[in-house]
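Read off the chains here:
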Amino acid sequence: MNVAKTFDREKHIYRSDYFAEIIKDTIRFFNGTPVHCLPPPEKFEGAGVYALYYIGKNTYYEHLYNINRLNFVQPIYVGKAVPRGWRQARLQNASNELYLRLSDHFKSISQTDNLDIYDFRCRFMILEDAAADMIGTVEAALIREYKPVWNSCIDGFGNHDPGKGRYQQSKSEWDMLHPGRRWAEKLNASPFSLTEIKQKVSSYFENE
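Residues numbered from 1 in each chain as written. Predicted model: local features only at pLDDT ≥ 70, side-chain atom pairs only at ≥ 80, totals over all residues. Heavy atoms only, no water.

Let us look at the overall build of the chain. Helix and strand counts for the chain stand at seven helices and four strands. Its helices and strands in sequence order give the chain the pattern α-β-β-α-β-α-β-α-α-α-α, from N to C terminus. Counting only C-alpha atoms and orienting by the principal axes, one finds that the chain spans roughly 60 × 40 × 40 Å. Every one of the 208 residues in the chain was classed for burial, and the buried ones make up 42%. Counted over contacts in the chain with a minimum sequence separation of 6, partners at least 24 positions apart contribute 68%. Approximately 12600 Å² of the chain is accessible, and the part contributed by carbon and sulfur atoms is 50%. In the chain, the 27 positive side-chain charges and the 26 negative ones have mean positions that sit 4 Å from each other. (Helix = DSSP H or I, 4+ residues; strand = E, 2+ residues; numbered from the N terminus. Buried < 20%, exposed > 50% of the residue type's maximum accessible area, 1.4 Å probe, protein only. Contact = heavy atoms within 4.5 Å. Areas by Shrake-Rupley, 256 points an atom, 1.4 Å probe, with all protein chains shown as cover. Lys, Arg positive; Asp, Glu negative; His and termini not counted. Charge placed at Lys NZ, Arg CZ, Asp CG, Glu CD.)

Structural data, given as structure tokens:
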């Protein structure tokens with residue numbers, strides 16, 4: 001068994017034009033998928049990647065309304081849903097993780113005081129079999145491409161109820177900006193003021 005005695009970083013870098021083209025192709029396909037209300041009208045099987053789009057008139061996201069009212073081009077959030085058993089390498093294609101994730105977001109948004117669920121749309125791409133290994137990569141590529149405000153500026157939208165005994169953590173920026181999730185109301189106060197968070201969002205769109 002040969003063990004290297006010197007270190008050459010270049011020998012550890014993977015480069016492939018084919019890989020880069022596959023990522024571009026997945027984004028092209030994703031952007032061509034149908035747009036649905038949130039959640040989609042039918043329960044379906046599969047895991048994959050999704051985006052949420054905002055078309056409402058909340059003053060925080062006036063920029064998104066102006067962009068998306070004619071066509072859905074700028075997500076407010078991008079996320080993924082991996083197959084059941086993915087973390088233990090025991091993939092199960094026959095699961096509905098993607099639909100459940102979108103349904104969870106429907107519940108989160110519906111509970112807020114200042115967002116209307118009817119102002120949201122979604123599109124998604126199902127990745128299964130060998131393509132399921134690409135889920136995290138495609139999600140990261142879409143976030144880099146669009147820098148959605150709920151991914152790149154405001155944290156906490158994708159959080160889950162931490163469960164009993166774990167409510168000592170701080171409330172997220174998203175829950176400060178959009179109060180109402182019942183479990184989030186049990187958390188400690190955020191280290192940031194609402195004014196600071198609003199300014200953060202304003203600055204984000206000013207630099208777009």
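Scanning the entire structure with this criterion turns up seven salt bridges. Salt-bridge contacts for Glu-10 lead to Arg-15; the nearest nitrogen and oxygen are separated by 3.4 Å. Bridged by salt links that share partners, the residues Glu-21, Asp-25 and Arg-28 form one connected network. (Salt bridge = Lys/Arg side-chain N within 4 Å of Asp/Glu carboxyl O.)

Between its first and last C-alpha atoms helix α7 (residues 194-206) spans 18 Å; for 13 residues at 1.5 Å apiece the expected length is 18 Å, and the two agree. Inspection of α7 places Ile-197, Val-201, Tyr-204 and Phe-205 among the buried residues, and these make up the whole buried set. The buried residues of α7 occupy an angular sector of 95° when projected down its axis, which confines them to one face. Residues Thr-195 and Glu-206 are exposed on α7 and point more than 90 degrees away from its buried face. Looking at the buried residues of α7, the elements they touch are α2 (62-68), α4 (135-146), α5 (149-152) and α6 (173-177). (Expected span 1.5 Å × (residues − 1). Arc of directions from axis to C-beta.)

Turning to the packing of helix α1 (residues 17-31) against α4, a few remarks are in order. Two numbers describe how α1 lies on α4: the axes approach to 10 Å, and their chain directions differ by 75°. When the interaxial angle is binned, α1 and α4 end up roughly perpendicular. Across the interface between the two elements, Phe-19, Ile-23, Thr-26, Ile-27, Phe-30 and Asn-31 from α1 touch Thr-137, Val-138, Ala-141, Leu-142 and Tyr-146 from α4. Among the residues forming the contact of α1 with α4, the class breakdown is eight nonpolar, three polar and no charged. (Axes fitted to C-alpha atoms, helices over the stretch in contact; angles between N-to-C directions. Parallel < 35°, antiparallel > 145°, perpendicular 65-115°, else oblique. Nonpolar A, V, L, I, M, F, W, Y, C, P; charged D, E, K, R; others polar.)

Looking now at the nonpolar core. In terms of nonpolar packing, the biggest core is built from 31 residues, with Leu-52, Tyr-61, Ile-76, Val-149 and Trp-150 touching the most fellow members. Looking at this core, the elements that each hand over two or more residues are β2 (48-54), β3 (77-81), α3 (97-110), β4 (120-126), α5, α6 and α7. The residues touching Val-149, leaving out its near neighbours within four places in the chain, are Tyr-61, Leu-64, Ile-76, Ile-154, Tyr-204 and Phe-205. Counting 18 residues, the second-largest nonpolar core is a separate cluster that includes Ile-23, Phe-30, Val-49 and Tyr-53. (Core = buried A, V, L, I, M, F, W, Y, C linked by side-chain atoms within 4.5 Å.)

Following the sequence through the fold, Thr-112 ends up in the loop between α3 and β4. In this structure the side chain of Thr-112 is engaged in a polar contact, spanning 2.8 Å, whose partner is the backbone oxygen of Ile-109. (Polar contact = N/O pair within 3.5 Å; in protein donor to acceptor, adjacent residues only side chain to side chain.)

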